[in-house]
Amino acid sequence: MITATYKKYILNFKQASGTSRGVLRTKETWFLTLSEKGKKGYGECGLFRGLSADDRDDYEEKLQWVCQNIHLGLENLLVETIKFPSIQFGLEQAFLSLKGDNPFELYPSKFSQGIDNISINGLIWMGDKAFMQQQIKDKLQQGFTTIKMKIGAIDFDTEIELLKSIRKEFSPKEIELRVDANGAFTPENALGKLERLSELEMHSIEQPIKQGQWQEMAKLCEKTPLDIALDEELIGVFSKEDKEKCIETIKPQYIILKPSLVGGFKGSEEWISIANKYKAGNWITSALESNIGLNAIAQWTYTLNNVLPQGLGTGSLFTNNIESPLEVSKGSLGYNNKKDWQFNLG
């Protein structure tokens, strides 16, 4: 018989990380442990306060209920937790982890065996000009060929200057630029800003305007000189019918999937299938999980055979992350099998 327990864990940022929603210093997450016949399986329920659809007062109550009803099995539990996408994700991981020979190898592949890597983007957090400049310099020195910059918190002209400074040194063939507005633009000013950004030959922009404005976003996607990727737009859209309606209405160039926020692997695969139908590309991004969740996302992502750089470089942000074989080197994420997991819930 399978039994289940959960434990809260607070991740501490090495330095405060700026987004258009404010500055992050800590990030709470929840570890789910399944036990059966001496074996254990682990999953991470990566709740993201202020962003997750399941940022609700009854979150822990739902986790307790899941642990008490673990005998219902994964499929039934996924139905019962439809409005708790991060719990769905934790459940998928924990059942896969319990099933395998190695609790940390959820999707055996050349990636999990340490033979192949995943290309990722280097993430530039918001801050003042000097701080952002330093991050850009660091990422380029570290060998990243795709840079993703969060914009929308400081003056737009300053952000344009920062991006121009990269373009002066590196052509689009040498460095791919992505920007993430986190919904910072308005429907009125967005197109003008997209036109200015497109002059710098960028790859794409994530979520230029706030989610929920489907008609305005559809107009932008139709007129944009720069590919638009939906991100927050996908959060809180639970049914397959609503997902299809979203993509059919907006017709984005890309969608970005964070398994913790869109219902785990199953929810993400449903989005990918719909996006493919409407000729929209995709890539996968972590949502500030610990290395337990990041490892699961990375192993699953590798199986998708997506050649675009993925957004999986967040493991080094915390002072107290779980020690793992995951390593970032020269713009890619790899798995170093010479390193062991240090995961002890006490």
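What counts and how
- As a convention, each chain's residues are numbered from 1 in the sequence order in which they are written.
- Local features in this predicted model are restricted to residues whose pLDDT is 70 or higher, and side-chain atom pairs enter the listing and the counts only when it is 80 or higher, whereas totals over whole chains, interfaces and linings include all residues.
- Note: side-chain values were computed over all heavy atoms of the structure, leaving out hydrogens and water.
- Each residue gets one of three labels from its accessible area relative to the maximum for its type: buried under 20%, exposed over 50%, partly exposed in between, using a 1.4 Å probe on protein chains only.
- Elements are defined by DSSP. Helices are runs of H or I of four residues or more, strands are runs of E of two residues or more, and each kind is numbered from the N terminus.
- What makes two strands pair is DSSP finding at least two bridges between them.
- The handedness of a crossover follows from its direction of travel: if, with the strands pointing away from the viewer, the path from the first strand over the helix to the second runs clockwise, the crossover is right-handed.
- We call two residues contacting when some pair of their heavy atoms lies within 4.5 Å.
- Site definitions follow a grid-based scheme: protein atoms alone, a 1 Å grid, a 1.4 Å probe that fits but cannot get out for cavities, and for pockets an open set with protein on both sides within 12 Å along at least five of seven lines, plus lining residues having an atom within 4 Å of a point.
- Grid points are joined across faces, edges and corners, and a volume is the space filled by probe spheres set on the points.
- Asp, Glu, Lys and Arg are counted as charged, while Ala, Val, Leu, Ile, Met, Phe, Trp, Tyr, Cys and Pro are counted as nonpolar; the rest, among them Gly, fall into the polar class.
- An automatic or database domain assignment is the source of the domain bounds shown.

A. Spatial organisation of the pairing of strand S7 (residues 176-180). Among the 5 residues that make up S7, 4 are buried, leaving the element largely enclosed by the rest of the structure. Pairing geometry for strand S6 (residues 146-150) and S7, over 5 bridges, is parallel. Along S7, the bridge assignment pairs Lys150 with Asp180. Traced from S6 through helix H5 (residues 156-169) to S7, the parallel crossover comes out right-handed. Two elements, S7 and strand S8 (residues 204-206), share 3 bridges in a ladder whose sense is parallel.

B. Representation of the side chain of Thr33. Following the sequence through the fold, Thr33 ends up in strand S2 (residues 22-36). Apart from the residues within four sequence positions on either side, Thr33 is in contact with Thr3, Ala4, Thr5, Lys40, Gly41, Tyr42 and Leu345.

C. Up close: empty space enclosed by the protein. Applying the stated criterion to the full structure yields 2 cavities of 30 Å³ or more. The computed volume of the largest cavity comes to approximately 240 Å³. Lining the largest cavity we find 23 residues, and of these Leu123, Trp125, Lys150, Lys258 and Ser286 sit closest to its centre. Among the residues making up the lining of the largest cavity, the classes are represented as 8 nonpolar, 8 polar and 7 charged. Inspection of the lining of the largest cavity shows a minimum of three residues originating in each of domain 1 (3-99) and domain 2 (117-335). The space that makes up the second largest cavity amounts to roughly 50 Å³. Taken together, Tyr42, Gln93, Ser97, Pro103, Phe104, Leu106, Ile292, Asn295 and Trp341 form the lining of the second largest cavity. Those elements giving two or more residues to the lining of the second largest cavity turn out to be helix H3 (85-99) and helix H10 (291-303).

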